[in-house]
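Letter by letter, the chains look like this.
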Amino acid sequence: MTGGQDGPRRGSAWVSRAGGPAAGQASSRPPADELGDLLAGVARGDHEAYAAVYDRTVGQVLGMVRAVVRDPAQSEEVAQEVLLDVWRSASRFNPELGSAGSWVMTLAHRRAVDRVRSEQKAAERELRAASAAIAYDEVTEAVEARLDRERVRRCLGSLTELQRESVTLAYYGGYTYREVAELLGVAVGTVKTRMRDGLIRLRDCLGVDA
Amino acid sequence: MSGRFRGGDPHTLAAAYAMDAVPEPDRARFERHLAGCESCRQEVRGMREATAALAAASAVQPPAALREAVLRATEQTRQIPPPVIQAGTGWAARSGRGWPGWRPRLAVALAGALACVLAAVAGVAGVVAYRMQNRLDQAQVRDHTVALVLGAPDATMLSAHVRTGGTATVVMSHRERALVFTAADLHVLPSAESYELWLTGPAGSKPAGMVDVSGRGKMVGPMVVSGLSAGDSVRLTVEPASGSTRPTSPPIVVIILTAQQ
């Protein structure tokens, strides 16, 4: 992650930072709208707007894809597909259904998870289930290594252990809720509830607007 | 352990769904439920804002070369036109302007499925690593049309067995008046012969290109054929290696490009 790109890091402009005291910055409203406006430009074929969208989202897209896919080369490939998806399908973004940032990350996560699942042959899946404990350790480690945002770390820390495990295994691990239930040795219904409670708590803690 | 929602209540799946943790067939069921449940959509939306923040937390510094590669790719990639909203068709239609997975549209599913196939076939669907730049240059025009056909709302996939072995698959869009042809497991021909593709209409057969089977018959294509009309067909024949201007042998597969109902 050293060098390579000159200029400031531009990964995460759109995430609203409730209570994030950015020095000297009067509380300009969440740049989510700004990203939405840019997307509207992209939908009209505006390449400059696209470049701006790219700059604002690439760090997060690549980071999240990498957290899920792990293999760096494959992650880059998936990230490219996602970023081109943003260009192709910008006209499909509907602000009524969520912020621009979450739209982009939804595209990205879907593709990352698809990639992971398509690569896991049935046999591999069985093997994976057999070594559930190991897989879990790896996942948490990989996730925590990348959670460089103090706030998210703190919020994840405010979840119960089962909530946190359910959320991180599903989101970063790319596991289905049934697989998560199996990995954690709890009932499927329990996992669904923990995911829900966990995400609600996370959402409230992060202060993201729905 | 299959089929139905465990616990009965699909509402509880919103969080798992927002994290792409609901596999088929539960996913399709939940999406049908979503279409009629405003509060569920709201909940999914809130969950997605939360997961997006999780993504933000894992941001990394991207390699500089990625930027140029992606920006260049956009220059060569046609955008999906905005969906046309039809009055009185309910949420499902409105959601056509929407989110991945909230659009129960066959074309999208087909496009997705075929995109995977095509990516495997020739590595040209969508953006491909900049390492492949040279090959990409050649593929640009074709790739553009491939994206156009796959992205078309009326994209339809047809598949047929080839009489001499293998499978031929077509994804067509009458709206774009173009189709994408691929084939798999074709019988390997002697070097003096080659497969040729034809677009056949009322006025006869027009050559649509020689089918390159250098990949030892596994997967060929994608080949792009434009200018089609409803009722036309694509045919495959065996011709001399140099190609023919008219088919000189009976077709080994015929796919009729039916009009959309």
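Residues numbered from 1 in each chain as written. Chains lettered and ligands numbered in written order. Predicted model: local features only at pLDDT ≥ 70, side-chain atom pairs only at ≥ 80, totals over all residues.

### Notes on the overall build of chain B
Under the convention used in this document: Helical segments are the DSSP runs of H or I of at least four residues, strand segments are the runs of E of at least two, and each set is numbered from the N terminus. To sort residues by exposure, count the other C-beta atoms lying within 10 Å of each residue's C-beta; 20 or more gives buried, 12 or fewer gives exposed, and values between give partly exposed, all with C-beta atoms placed from the backbone. Any pair of residues counts as being in contact when their C-beta atoms, constructed from backbone geometry, are within 7 Å of one another.
Along the backbone of chain B there are seven helices and eight strands. Counting every position in chain B, which comprises 261 residues, the buried fraction comes to 41%. Restricting to contacts in chain B with at least 6 residues of sequence separation, those with at least 24 account for 58%.

### A short note on the pairing of strand 1 (residues 156-161) of chain B
All names here are of chain B. Put simply, the rule reads: Pairing between strands is defined by DSSP: at least two bridges between the two strands are required.
Summarising the sheet, strand 1 and strand 2 (residues 167-173) pair through six bridges and their orientation is antiparallel. Opposite Ser159, over in strand 2, you have Thr169 as the bridge partner. Hairpin connection from strand 1 to strand 2: five residues lie between these consecutive antiparallel strands, with Gly165 at a positive phi of about 120 degrees.

### Regarding the environment of Gly46 of chain B
Positionally, Gly46 of chain B belongs in helix 3 (residues 38-56). Put simply, Gly46 of chain B and Ala14 of chain B are 32 residues apart on the chain and 9.7 Å apart in space, counted from C-alpha to C-alpha.

### Points about unusual backbone geometry
The omega torsion of the bond from Glu24 of chain B to Pro25 of chain B falls at 0 degrees, within 30 degrees of zero and hence cis. You will see that Arg70 of chain A, though not glycine, has its phi angle at about 75 degrees, which is positive. Secondary-structure assignment places Arg70 of chain A in the loop between helix 2 (47-69) and helix 3 (72-88).

### Focus on the sheet that holds strand 4 (residues 193-201) of chain B
All names here are of chain B. Formally: Here the axes come from fitting lines to C-alpha atoms, over the contacting stretch only for helices, and the angles between their N-to-C directions go from 0 to 180 degrees.
Here four strands make up an open sheet; going across it, the order is 5-4-7-8 and the pairing antiparallel. The sheet is open, and its two borders are formed by strand 5 (204-211) and strand 8 (253-256), each paired with just one other strand. On average, adjacent strands in this sheet sit at an angle of 30 degrees to one another, irrespective of strand direction. The sheet contact formed by strand 4 and strand 5 spans seven bridges and is antiparallel. Of the residues in strand 5, the one forming a bridge with Trp198 is Pro207.

### Notes on the interface of chain A and chain B
Worth spelling out the cut-off: Polar here means any residue other than Ala, Val, Leu, Ile, Met, Phe, Trp, Tyr, Cys and Pro, which are nonpolar, and Asp, Glu, Lys and Arg, which are charged; Gly is therefore polar.
Across the boundary between the two partners, chain A contributes 70 residues, which contact 55 residues of chain B. At the level of elements, helix 2, helix 3, helix 4 (100-119), helix 8 (161-171), helix 9 (177-184) and helix 10 (188-206) of chain A are the ones that each hand at least two residues to the side of chain A that touches chain B. Residue composition of the side of chain A that touches chain B, grouped by class: 33 nonpolar, 22 polar and 15 charged.

### What to know about the packing of helix 4 of chain A against helix 3 of chain B
Between two packed helices, what matters for the description is the angle formed by their axes and the separation of those axes. Note the following rule: Our angle categories are set so that under 35 degrees counts as roughly parallel, over 145 as roughly antiparallel, 65 to 115 as roughly perpendicular, and the remainder as oblique.
Close contact between helix 4 of chain A and helix 3 of chain B brings their axes to 9 Å; oriented N to C, the two are set at 75 degrees. By the criterion of interaxial angle, the relationship of helix 4 of chain A to helix 3 of chain B is roughly perpendicular. From helix 4 of chain A, Gly101, Ser102, Met105, Thr106 and His109 of chain A reach across to helix 3 of chain B, where they touch Arg48, Glu49, Thr51, Ala52 and Ala55 of chain B. Taken together, the residues of the contact of helix 4 of chain A with helix 3 of chain B sort by class into three nonpolar, five polar and two charged.

### A look at helix 10 of chain A
The α-helix winds at 3.6 residues per turn, so residues separated by three or four positions along the chain end up facing the same way. Heads up, the rule is: Helix span, expected: 1.5 Å multiplied by one less than the number of residues in the helix.
With 19 residues, helix 10 of chain A ought to run about 27 Å at 1.5 Å a step, and its terminal C-alpha atoms sit 27 Å apart, in line with that. All of the buried residues in helix 10 of chain A are Val191, Lys192, Arg194, Met195, Arg196, Gly198, Leu199, Leu202, Arg203 and Leu206 of chain A. Taken together, the buried residues of helix 10 of chain A touch helix 7 (150-157), helix 8 and helix 9 of chain A together with helix 1 (14-18) and helix 3 of chain B.

### What to know about the nonpolar core
The criterion, for reference: Here, a nonpolar core denotes buried Ala, Val, Leu, Ile, Met, Phe, Trp, Tyr and Cys residues that are linked to one another through C-beta atoms within 7 Å.
Membership of the largest hydrophobic core comes to 79 residues, with the highest contact counts inside it found for Val61, Val65 and Ala170 of chain A together with Ala16 of chain B. It is helix 2 of chain A that contributes the most residues to this core, twelve residues altogether. With near-sequence residues (within four places) excluded, Ala170 of chain A lies in contact with Tyr175, Tyr177, Val180 and Met195 of chain A together with Ala16, Met19 and Ala21 of chain B. Core analysis: the next-biggest nonpolar cluster, separate from the first, contains 32 residues, Leu148, Ala168, Val170 and Val180 of chain B among them.

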